[in-house]
Each structure stands twice: as C-alpha cells, then as structure tokens.
Amino acid sequence: MNKIDTIANFLNKKSKKCLAINGSWGIGKTYLWKQVEKKLSKDKKVVYIDLFGKESYKQILEEIVVSLHGDYNKITKTTFKGLEGLVKSISGGLIDIDSDAIFSFLKKEDFYNIIVCFDNIERKSDNLSLKEILGLVNLLKEEKECNVVVIFHEEELKEQDDNLTENNKEEENEQDFNSWYQKAKEEQTKQYNSKNWYRIYKEKVIDCEITIKNNDEVAKAIIKDKVNKYTKITDEIKNIIGNIIFERYKEQCNGNLRLLYHVLEHIDYFNKQCFLLFCKYDNKKTFSDALKLSYISLIFQIKKYLSIKIEENDISSNYHLYEKYLKNMFYLNKEEKYQLRRDFYQTLKIELYYKLQNYKIEYLVGNLSDEQFVKDIENSLLKIDFYSENGITRFPYGFYQNLLSTYTQITKKKLSDIEEKINQHYIEALVMEEFKFDLNHDYRSDIALLKLLENEKWKDYYEETKEKLKINKYENINALINSYENIESSFYPEAIKQYNFFKREELVQLFKNNNDFCKKFFNHFSKNMVINHKFDDDLNNHLFQAYLDFLDLDENKIKKSVVVEYINSQNSVLRKLLIE
C-alpha cells in the first residue's frame, strides 16, 4: 500500500484524529493531499481551509461554517429557528451573526464524516497565533468528533516561534473553545522556553505525522502526465523529453514542485512552437543534447523571472528570446518564432561544433596527423550552416580563422567559399547585435571580427547589411523618432544605438531642420545625465558625432563657443563630449 492509500485508509476508518503532513515549501504537500482526497470514501466531505493570510480564527470558523451549511441566511434559519423573527427585525433584514456563535451551536452530528484540512499554516498572518490554530484543531477533534488534517513546514514555523509570545488576543465568548485555549496558554507559558510549538502540542493534538522529504515520484508523475498529452510524438521522444525535464528538475528546481509547474507551462509553449517540430531528427542523441541545452537555458531564465535564488549549479544563459518571451507576457511574434526555430536547428548542429573543437585539441596535443586533420575539417565545415544570428552555441570568429589558417598551411589552398560564408555570418550577427536593445557584446567585443572590418570588402558588406536592416526597420529618421512615445525616450542608453543606423549627414540635417529635436537633445544631455556615469560607448554614437558636426558648421561658429561656455559648468554628457 503506497503513502496515498495509507493516508486515505487511515482517515476513512478512524475518527477524532489529527493527521499532520510536514514538508518544505514546494515539496508537494498539497499535491499529496489532493491525491488523498480522490481516494477517500464517497460519504466523506472535505472542508479545505487555506490559512494563507488569515487574520483571525473567526475567519477560519466562518469558512468552516459556510462550507458545511452554505450562506449565513440558511445557517441562521437552521440553527436559530426560534430567533428568526427577532434577528430579522434587529438586523433590518441583513442577518449578521458572529461566526463563533454559530459554530458553538453546531452539534457533532453536523460534523459527521467531515474532514477539515488546514493548509499553509506557516503562511498565516502574524495576527493569528499558532496556539489559536492548534486550539481550534483540538476543539474540532474532541468536541465535534471529526478528523482534521494540518499541512505545514515545521522549519518555517520554528522561525515564527517568537510571535507566540507577542500575539495577545482578546477574550473569546465561546466557552468550550476558551476553556482549552486558557489551559494551552498556561501550558505554553511553562514550556515555551525549552521547546518549540510543535513539540509542545504534538502529544496533545497530533495523532499521526507524515513527513515528505523526497518528492521524486510525485515530480515524475506530474511530468509524465504533461508529456503524455503530446499525442503525435513517439514513445521514444516522450521518454527523451520526460527524462530531460526530470533531470533538470533535480538539478535546477531544488525539489520545488511549484517551480516545476511553472517550468512545465513554459516548456510546453516552446515544445509546441519549436522543439517538437524537430523530433524526427535522425540523430536522437543530438536532438536530446540540443533539447537539454535549451531547457537549461529556459529554466535559468524562468528562475530569474520569478526572482528565485540562482544556485551554484545553475548554468548562466541569456538567450534573448527566452527573456523576451517572459517579459512579453509569455508570447513571441511570428518573426521571433521563426528565429527560435532557426536557432534551435543551429543548436542541433552542436555535435559538429564539439567535433571541431575536439579536432583542434587533438591536433595540438594528441596524435592527429595533418592528413586526418584536413579530412576532419573539410567534413565538418561543409555541414555547418552559418546563418543563426544569436544561437545558443557559438565560437569567437578567431576560432574559425585559426582552423582555416592551419588548413591552408597544410594544403596550400583555401576553403574560400566556407570562409566567405563564415565572414558573412559573423558580420550579420554583429549588425544584429548592434541593432538590438540589449547589453550583449558577444560580437562587438570580438577583436578578430572587428579587425576583419578593416578590409574594404567586408567593411562595405557591414555597411550594406546595416542599411538593409535600417530600411526594414525604419523608412527614415522621422520614423525612428516617431516610434517612441516622445523624443527623449530615444535618448535612453539602449535606444540611442538606433541612431547608428543613420549616416551622420542625415543626423546633422535633423539638428538643422528640427528645432524641437535640437532643443530636447540639448536639454537632455546638458542637464539630465551626470558625468559620473560611464558614457564612453555612447560618445561614439552617430547622434553625438553628428551634433559635433552640426556645431562645426560655418553658420554655427559663435554658437559653438556659447554652448561650450555654458556647459563648462555642467556635469553632463555634452561637457564630456565637447570639452574633455
């Protein structure tokens, strides 16, 4: 008999018992209880009370009473038949009878076959003392003769022990509850300094305790249930997906089932939009590796989004589409989904990247010959697609240059077509990185790649690529400005990068012809931004350089000297631009 059946059997056959389910946050206590409910006898009724945020025991009594008998009008008619007329006249038709008064009139017959479950005890309000909760549990068990289940995390409650002495509650009118409450208070006063709350009351209140220390089986069941809903994939793929998710759950979720539910929700989106489209990929090992990398990256971003502590074994990953999806209310547009699929396809080629890296190492320190190195490089490079703008896996530009250089030294020939492809890929990736509103500098900090731009051919290709992207994004400079809520918004550190896609000559004309833009630029950068920030990159922006060109126009000779004199006393970006 498993744990669920054991608990259900205990509650079905026993009465006047209190069962405690103890375990850490997210371990699956509530999930376990919901599974137990399904196994209870049909004549059993569960009154489930979530104590999260509850301010007083009266709120709890009210929920119990309403759960048992419905609204207060019905309860009053049943319990106070002789007082019905009087109550109506006094209340003006709005019956408002104290919950603990109604509770005291309910007989034990009203609780026949009732199981009251109190969940999230440690998440109650500080205004509700633990002794009140345990007092109510004892009252339900001893006076109303029903079974009670309490769900909590003992360690959390230990930390709240100090609150026991601070919560001084007003005297209650209900005699049978208050009698036990007073005894418990006296007992607690005697023993509190040497024992925590649970050890004090366990003997008096708790009859049976279940502690959940491992929820692996529960996690596997949850994952399996989710994966089995993919009806159009093979059992082999289902097993691959399920095993990877469980592995990542163990590594990254720290046994937290609540986090697992979040993870499954978001994995489901990306499975349907992307990953499952590639499940027929011939090499299942490669598909599994690519899926694992993708899940690792996605879970890392989910934990960041939910402000969950990042553990030492979490692998940092800033794949931009996962971040965008989470920040955009769990949605990607058509173009982003297309890029996601291209990037995942590129990740499927990861074995080729690893092989390339391994060939380089084996050739350097191992016994790989010149001839074998050449064959390996030719076979691998011919199979790689270099079109992914920002895939999950990448090597610096210099990595390929070293491989190609060694290949040329051995064969006395070049792999010109492949080199051309590599150069185009990296320049396009560089432009895309410059075009995005993010802080990534993977390509902009690649020294070997920037050196490539010294070549006239590739410098022209770089400028042509920028122009294409600019045209696709903005028809003209006014389209850029109008895409923001106001002009000043286009001056923010990430947004201002967009001006780099326009020639300085165009921006000079903007300063000349748009007085409003010129004034807001001056006001923003002469007053609003202080010099103790780091603006080295910004000062090379085309917008700032165009402003310098604007002031250097013959028509602005005196204007420039006036501007310099004015901003000399300001701690501003313009002072850094014009004077320092």
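Within each chain, residue numbers correspond to sequence positions counted from 1 in written order. Reporting of local features is limited, given that this is a predicted model, to residues whose pLDDT is at least 70; pairs of side-chain atoms are given and counted only at 80 or more, and all residues count toward the totals for whole chains, interfaces and linings. The basis for every side-chain value is the complete set of heavy atoms in the structure, and neither hydrogens nor water enter the calculation.

Novice: Outline the overall build of the chain, supporting the account with residue identities and numerical values.
Specialist: In this description a helix means any DSSP run of H or I spanning at least four residues, a strand means any run of E spanning at least two, and both kinds are numbered starting from the N terminus. The helix and strand inventory of the chain stands at 29 helices and five strands. Going through the 580 residues of the chain one by one, you find that 49% of them count as buried. Only heavy atoms matter for contacts: two residues are in contact if any of them lie within 4.5 Å across the pair. At a minimum sequence separation of 6, the contacts of the chain that also span at least 24 residues come to 74%. Only the protein chains shown count as cover for residues, with accessible areas throughout obtained via the Shrake-Rupley method and a probe of 1.4 Å. Looking at the chain as shown, the accessible area adds up to about 30500 Å², and 47% of this sits on carbon and sulfur atoms. For the exposure calls, accessible area comes from a 1.4 Å probe over protein chains only, and a residue counts as buried if that area is under 20% of its type's maximum, exposed if over 50%, partly exposed in between.

Novice: So what's going on with the environment of Lys224? Which residues, and what values?
Specialist: Considering the arrangement of structural elements, one finds Lys224 in helix H11 (residues 216-227). Considered as a pair, Lys224 and Ile241 are 17 residues apart in the sequence and their alpha carbons are 9.4 Å apart.

Novice: If you had to explain the packing of H11 against helix H12 (residues 235-252) to someone new, which residues and values would you point to?
Specialist: Packed helix pairs are characterised by how far apart their axes lie and by the angle those axes make with each other. Relative orientation of the contacting elements H11 and H12 amounts to 140°, with a least axis distance of 10 Å. Classed by the angle they form, the pair H11 and H12 counts as oblique. Considering how the two elements wind past one another, H11 and H12 form a crossing that is right-handed. Where H11 approaches H12, its residues Asp216, Ala219, Lys220, Ile223 and Val227 are matched on the opposing element by Lys238, Ile241, Gly242, Ile245, Phe246, Tyr249 and Lys250. Axis lines are fitted to C-alpha atoms, over the contacting stretch for helices. Their N-to-C directions set the angle, which ranges from 0 to 180 degrees. Relative orientations are named as follows: roughly parallel for angles under 35 degrees, roughly antiparallel for angles over 145 degrees, roughly perpendicular for angles from 65 to 115 degrees, and oblique for any other angle. For any helix crossing, the convention is left-handed if the near helix is rotated counterclockwise from the far helix by under a right angle, and right-handed if that rotation is clockwise.

Novice: Quick rundown of the nonpolar core? Include the residues and the values.
Specialist: In plain words, nonpolar cores are sets of buried Ala, Val, Leu, Ile, Met, Phe, Trp, Tyr and Cys residues tied together by side-chain atoms within 4.5 Å. By size, the foremost hydrophobic cluster in this structure holds 67 residues, and its most contacted members are Tyr499 and Tyr547. Tallying contributions element by element places helix H20 (residues 416-435) first for this core, with eight residues. Apart from residues lying up to four places away in sequence, Tyr499 is in contact with Ile477, Leu480, Ile481, Ser490, Phe491, Leu507, Phe517, Asn541, His542 and Leu543.

Novice: Break down the confidence of the model for the chain for me, citing the residues and quoting the values.
Specialist: Residue-level confidence of the predictor is what pLDDT reports, using numbers from 0 through 100. When the pLDDT values of the chain are averaged, the result is 81; 79% of them are 70 or greater. Predicted confidence is poor over residues 79-97, with pLDDT under 50, and the contacts of this stretch with residues over four places away or in other chains come to 16 contacts.

Novice: So what about the sheet that holds strand S3 (residues 114-119)? Which residues, and what values?
Specialist: The strand order S2-S3-S4-S1-S5 describes an open sheet built from five strands, whose pairing is parallel. Single-partner strands in this sheet number two, and they are strand S2 (45-50) and strand S5 (208-212). Strand-to-strand twist across the sheet, computed as the mean angle between neighbouring axes with direction ignored, equals 15°. At least two bridges found by DSSP between two strands is the condition for calling them paired. In this sheet, strand S4 (residues 147-152) lies alongside S3 in parallel orientation, the contact comprising four bridges. Bridged to Val116 within S4 is Val148.

Novice: Which residues make up the packing of H11 against helix H13 (residues 257-273), and what are the values?
Specialist: Between H11 and H13, the least distance of the axes is 11 Å, while the angle of their chain directions is 20°. Classified by the angle their axes make, H11 and H13 are roughly parallel. Between H11 and H13 the crossing geometry is right-handed. Two secondary-structure elements touch here, H11 through Val218, Ala219, Ile222, Ile223 and Lys226 and H13 through Leu257, Leu260, Tyr261, Leu264 and Asp268. Each residue gets one of three labels, nonpolar for Ala, Val, Leu, Ile, Met, Phe, Trp, Tyr, Cys and Pro, charged for Asp, Glu, Lys and Arg, and polar for the others, Gly among them. Split by residue class, the contact of H11 with H13 holds eight nonpolar, no polar and two charged.

Novice: Give a detailed account of the packing of aromatic side chains, specifying residues and quantitative values.
Specialist: For any two aromatic rings, the description comes down to two numbers: the centre-to-centre distance and the angle of the planes. By convention, a stacked pair of Phe, Tyr or Trp rings (six-membered ring in the case of Trp) has centres within 6.5 Å and planes under 30 degrees apart, an edge-to-face pair has planes over 60 apart, and any other such pair is tilted. Inspection of the entire model under this criterion finds 32 aromatic pairs. Relative to Phe373, the ring of Tyr363 lies with its centre 4.4 Å away and its plane at 25°, an arrangement referred to as stacked. A residue pair is termed long-range when its members are at least 10 positions apart, and Tyr363 in helix H17 (residues 350-365) and Phe373 in helix H18 (residues 370-381) qualify at 10 residues. Here the aromatic rings of Phe521 and Phe525 are separated by 5.0 Å at their centres, their planes lie at 50°, and the arrangement is tilted. Taken together, the residues Phe521 and Phe525, both in helix H25 (residues 515-528) and four residues apart, mark about one turn of the helix. Residue class for Phe525 comes out buried when judged on its relative accessible area of 2%. Through pairs of rings, three or more aromatic residues link up here, namely Tyr269, Phe270, Phe275, Phe278, Phe287, Tyr295, Tyr305, Tyr322, Tyr325, Phe330, Phe344 and Tyr345. The ring of Tyr48 has Lys34 lying over it, and the distance from NZ or CZ to the ring centre is 4.0 Å. Either the NZ atom of lysine or the CZ atom of arginine qualifies as a charge over a ring when it sits within 6 Å of the ring centre and within 35 degrees of the ring normal. One residue, Lys220, lies across the ring of Phe246, its end atom 5.0 Å from the ring centre.

Novice: Go over the environment of Lys250, please, and point to the residues and values.
Specialist: As for its position among the elements, Lys250 is in helix H12. Expressed as a C-alpha distance, the spacing of Lys250 and Ala219, which sit 31 residues apart in the sequence, is 9.4 Å. A polar contact of 3.0 Å, which involves the side chain of Lys250, links it to the side chain of Asp216. Throughout this description, a polar contact denotes any pair of N or O atoms lying within 3.5 Å of each other; where both atoms belong to protein, one of them has to be capable of donating a hydrogen while the other can accept it, and for residues adjacent in sequence the pair is counted only when both atoms sit in side chains.

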